[in-house]
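# Chain and residue survey
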Amino acid sequence: MDNRNRRLDIVLAIAIAATIVLPWYRIEKGFFSFSWLPDFPRTDAVAPGILQMTIYGRWWLLAVLFALAVALVARFVADPMGRGAILAWAGGFGVLFLSLQGLAIGATGWTWTISETLFGQIVGGQSSMGAGAVLASISFVLIFSFGLAERGAMRGDAFVVSTISMLVFLVAVFVFYPIGSMFIGAFQDFNGSANFDGFSRNIADSSIWSLDCLIGGARCGIAWRTLFLAILTAAGSTTLGLAFALVATRTRFPFKKGLRLLTVLPIITPPFVIGLALTLLFGRAGVVTQELSSLLGVEPSRWLYGLTGIWIAQVLSFTPISFLVLIGVVEGVSPSMEEASQTLRANRWRTFWRVSLPLMKPGLANAFLIGFIESMADFGNPLVLGGSHGVLSTEIFFAVVGSQNDPSRAAVLAMILLCFTLSAFLAQRVWLSGKNFATVTGKGDSGSHIALPRGLSIGVHAIVIPWMIFTLVVYGMIIFGGFVKTWGLDNTLTLAHYTKAFSVTMRDGSIAWTGVAWNSFWTTMEIALISAPLTAAVGLATAYVIVRQKFAGRELFEFALMMSFAIPGTVIGISYIMAFNLPPLEMTGTALVLVACFVFRNMPVGVRGGIAAMSQLDKSLDEASMTLGANSFRTIRKVILPLLRPAITAALVYSFVRAITSISAVVFLVSAQYNMATSYIVGLVENGEYGVAIAYSSMLIVVMIGVIAGFQLIVGERRLRRENRVAGIASQTIPAFSEEKAA
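Residues numbered from 1 in each chain as written. Predicted model: local features only at pLDDT ≥ 70, side-chain atom pairs only at ≥ 80, totals over all residues. Heavy atoms only, no water.

## Details of helix H16 (residues 348-359)
Helix length check: H16, at 12 residues, gives a terminal C-alpha distance of 15 Å against a target of 16 Å (1.5 Å per residue), a fit within 8%. Within the span of H16, buried status applies to Thr 351, Phe 352, Ser 356, Leu 357 and Leu 359. Across the axial projection of H16, the buried residues extend over an arc of 145°, all falling on one side. Where H16 is buried, its residues contact helix H10 (222-250), helix H14 (307-332), helix H15 (335-343), helix H17 (361-377) and helix H21 (454-481). (Helix = DSSP H or I, 4+ residues; strand = E, 2+ residues; numbered from the N terminus. Expected span 1.5 Å × (residues − 1). Buried < 20%, exposed > 50% of the residue type's maximum accessible area, 1.4 Å probe, protein only. Arc of directions from axis to C-beta. Contact = heavy atoms within 4.5 Å.)

Below, the structure is given as C-alpha cells:
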C-alpha cells in the first residue's frame, strides 16, 4: 500500500501543479522561451487552469477539478478493488473529457453544431492545449493505469500497465488522430461538408487498377506497379542484408570493418543523392553509358529511368536496414545448437539449412517486411528516377501539390497503400505464428559458430564483393561532385562549394558561422539527437510489451503501430499539418512537431528489430528475475536491456539517420526557424546549386558516421559466447535481487 500511495501521490501532485502553476493554453512564442513569465498569471493567455475556470469564464474546465477530486478521494479508500475502480474511472474520465472539450471548443466557440444545440452559445472560445493541459492529460493516463493495476490487470504490475496505457495514448494522438483527420478529407469537399463523389471517382480510377501490362498493354496501374516494385525490393534487400550479415559474422573476410561502414553509407545519404549519382553513372549521358556506347557502338538509352532504376536505388538504399536487423539475429543463433547438429553427423550445409536458417526466420521476416514497407513509402528515389513510371507515393504528392490539387485522391491512394502494407504485415504474422525461436537462455553458451558451407561462402562473397565495389564507385562520384565546379559539365577542382556552405570566421573575438548551411545544420543535429533516443526508447518499450505481455487488443495494437511507417512520408507530413495546425494541439512550425513526426514514423523499425531480438530471449530469464523479487522495471534494466544491445544500436542508428535524411514529411513541416538539412538541400538543387548540395550532403555523411560510431561505443556489444555474458549478468543481478528481497 505504501508504494501504491507513493506513486499516486507523485502523479496527483503533478496534476495539481499542472492545474495551478503552469499556463493552461499554448504560448505563442513557445513555452521554453519563458517570455510568458512576466505576465503570469495576470492575463488569460498565460493563466493556469484554475484561473481559467474561475476568472476567465472557461467553466467547462471545472470537470478537470472534479476528476482530480475523485482521484484524491480514492487515495484514502482501503479496499483495493474499490480504490482501483475509482481511480480507473477518474483517470479515464479526465482523459476523455480533455480530449472532447479540446476538439469541441475552438478559438471562436463551439466547433460542433450539436454542442451549440445542447449547451447554447459560449462567449469566446479557447486556444490550443498548453503545458498545463498536456501534463494534466498525461497524469490522468497514469491515474487510469494505477486503477487498472490495483484491480489486478497484468498481475498488478503498475509499470507494465502504465507503459501499455501511455503507448496506446501516444499512438492514438500521434498516429490515429492525424491519419484519421486526413482520411476524413476523402469524404469531404473543400468547405468541409460531406461528399462521397470524390471517393467513388478515385477508387474506381482505371489508372490505379489497370492490368493492361498482362495483356500486352503499355503498363500496369499505379497500384500493381508499386506492389511489384516493393516485392522485388524487399526480396533483394533481404537477400543482400543476409549475405552481408553472414560475411560479417561467419567468415574470415579481411575487410569486415569496411563492409560494416559501406553497408551503413547508403542509409546515411540524402535519398536523391544516390539517384543523382546513378544518373551520372548510368544515365543517357552518364560516364558508364558513354564508355559502353563508344566501345560497343550502341546508342545510349534511357533504361535507368523507370522501375529498373528505382529498384536499383531502393535496394542500394534499403539493404543497410536489412543488415542492421539481421546482424543481431545471426549473432544470436546459439552455437551449441549448431554443434549438436554436427555431433549428430549433419554436414555444414544441412546444419545451416535445417538449424541456423530457421532460427533466423524472425529477422528475415522483419527485414522483408521493412524492405517492403520502405519501398512502398519511398518518395525520393521514384521522384528522381521514376520518369513517367509513377508509384503511389509520388502520385499522392502530385495529387496534393500538383495541378490536380485533389486531397480526396491523395487520401484514397494512401488507403490503397495502407492495404498493401498491412496485408504484408498479416502475411508475416501467419508465417511466424505458432513457432518458438528462443536461442538465448539463462545457461552459458561458450561455443563457436560453425563455418559456412563452402558453396554458400563462395556465393555470399560473390554477392558482397561486387556490391562493395559498386558502392565505392557511387560514393566516389558523390565525393567527386563536391570538389568540381559543375558536376558533370566542368570538372575543374575547387573548394568553393564547401567554403560557401561551411565557412567560419572570427568577429570581435568570437566565432561567426558565416556559411549558408550552418543554420539548418545545427537545427538538424538538435532535432535528430533529441528524436533518436526517444524513438529507440518508445520502440523497444513497445517491443517488450508486444513480446512479453499478454493483454486484450495486443495484436490490434501491434497492427496499428505499422500505420505511421506504412504510409508515405508525404502523407504523414500532410496529415500532421491538417491535425496539428488547429486546436486542440497546435504544433506546426515548431520543433515539437518535427520530433513527434520522426519518433512515431521511425518507431516501427525499433519495434520490429526489438521483436526480432527479443524473440530469441527465453522467457525464463524474466521469470527467474521476477521470482527473486525484482519488479518489471528492474528486470528490464538489469536483464533484458543488456541482451538487446544490437537492437538498441540499430534503433538509435536508424532513427538518428532518418531524422537527418528524411525529406518527404519534412518538406511540409519545416519552418523558417526550424529548417532541416534535406529541405535546405532540395532548395539548393532546385536553384541549380548542385555543388553546394553535394558538399552539404558529404558533410552530413561524415557527421553521421561519427555519431553512429559514438552510439556503438556508448551502447557496446552483446557477447553471448566466449565471455559467457548471460551467466555474468545472472551472477551480478541474482545476489542483488536476493539482497533486496532480504532487506
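## Here's the deal with the pattern of salt bridges
This model, assessed by the stated rule, comprises 7 salt bridges. Arg 75 serves as the salt-bridge partner of Asp 9, at 2.6 Å between the closest nitrogen and oxygen. With Asp 9 in helix H1 (residues 2-20) and Arg 75 in the loop between helix H3 (62-74) and helix H4 (80-104), this pair connects stretches of sequence that are 66 residues apart. What makes Asp 9 partly exposed here is its relative accessible area of 31%. With a shortest N-O distance of 2.8 Å, Arg 409 and Asp 205 are connected by a salt bridge. (Salt bridge = Lys/Arg side-chain N within 4 Å of Asp/Glu carboxyl O.)

## A look at unusual backbone geometry
Note the cis peptide between Phe 40 and Pro 41, where omega equals -5°. Tracing the chain through its elements places Pro 41 in the loop between H1 and helix H2 (49-54). The amide bond that connects Pro 583 to the next residue, Pro 584, takes the cis arrangement and shows omega of 10°. When you line up the elements, Pro 584 lands in the loop between helix H25 (569-580) and helix H26 (591-614). Phi is positive for Met 154, close to 55°, though the residue is something other than glycine.

## Some words on the pairing of strand S6 (residues 510-513)
Note that strand S5 (residues 504-507) and S6 share 4 bridges and pair antiparallel. Residue pairing across strands places Thr 505 opposite Ala 512, the latter belonging to S6. Linking two consecutive strands that pair antiparallel, namely S5 and S6, is a turn of 2 residues; a positive phi of about 55° is found at Asp 508 within it. (Pairing = 2+ DSSP bridges.)

## Notes on the packing of aromatic side chains
By the definition in use, this model includes 30 aromatic pairs. Considering the side-chain rings of Trp 36 and Phe 40, the 5.5 Å spacing of their centres and the 75° angle between planes classify their relative orientation as edge-to-face. Taking relative accessible area as the criterion, Trp 36 reaches 6% and is therefore assigned buried. Overall, Phe 40 belongs to the partly exposed group, its relative accessible area being 22%. Geometrically, the ring pair formed by Phe 174 and Phe 580 is tilted, given 5.9 Å between the ring centres and 50° between the ring planes. In this pair, Phe 174 is assigned in helix H7 (residues 158-184) and Phe 580 in helix H25, connecting sequence segments 406 residues apart. With respect to class, Phe 174 is no different from Phe 580; both count as buried. Three or more aromatic residues joined by ring pairs form one cluster here, namely Phe 502, Trp 513, Trp 518, Phe 521, Trp 522, Tyr 680 and Tyr 696. Directly above the ring of Phe 146 sits Arg 7, whose terminal nitrogen or CZ lies 5.4 Å from the centroid. (Phe/Tyr/Trp six-rings, centres within 6.5 Å; stacked < 30°, edge-to-face > 60°. Lys NZ or Arg CZ within 6 Å of the ring centre and 35° of its normal.)

## Looking at the nonpolar core
If you look at the biggest cluster of nonpolar residues, it comprises 201 residues, and the most contacted ones within it are Met 360, Tyr 576, Phe 656, Tyr 696 and Leu 700. Counting residues per element, this core draws most heavily on H26, at 15 residues. Counting 6 residues, the second largest nonpolar core, distinct from the first, contains Phe 318, Ile 321, Val 325 and Ile 370. (Core = buried A, V, L, I, M, F, W, Y, C linked by side-chain atoms within 4.5 Å.)

## Some details on empty space enclosed by the protein
By the definition in use, this model includes 4 cavities of 30 Å³ or more. Approximately 60 Å³ is the volume attributed to the second largest cavity. Lining of the second largest cavity is provided by Leu 324, Val 325, Gly 328, Val 329, Gly 609, Ala 613, Pro 646, Ala 647 and Ala 650. Residue assignment for the lining of the second largest cavity shows that the elements contributing at least two residues are H14, H26 and helix H29 (645-661). Among the elements that line the lining of the second largest cavity, the one with the most residues is H14, at 4 residues. (1 Å grid on protein atoms, 1.4 Å probe; cavity = no way out; pocket = protein on both sides within 12 Å on 5 of 7 lines; lining within 4 Å. Points joined across faces, edges and corners; volume = space filled by probe spheres on them.)

## Quick notes on the side chain of Arg 658
Take Arg 658: it is sitting in helix H29. Reaching out from Arg 658, the side chain makes a polar contact with the side chain of Glu 374 at a distance of 2.6 Å. When near neighbours in sequence (up to four residues on either side) are disregarded, Arg 658 contacts Glu 374, Phe 598, Arg 601 and Asn 602. (Polar contact = N/O pair within 3.5 Å; in protein donor to acceptor, adjacent residues only side chain to side chain.)

## Things to note about the side chain of Arg 26
Tracing the chain through its elements places Arg 26 in the loop between H1 and H2. One polar contact links the side chain of Arg 26 to the main-chain carbonyl oxygen of Glu 586, over a distance of 2.8 Å. Each residue touching Arg 26, except ones within four places of it in the same chain, is listed here: Ser 128, Met 129, Gly 130, Glu 586, Thr 588 and Thr 590.

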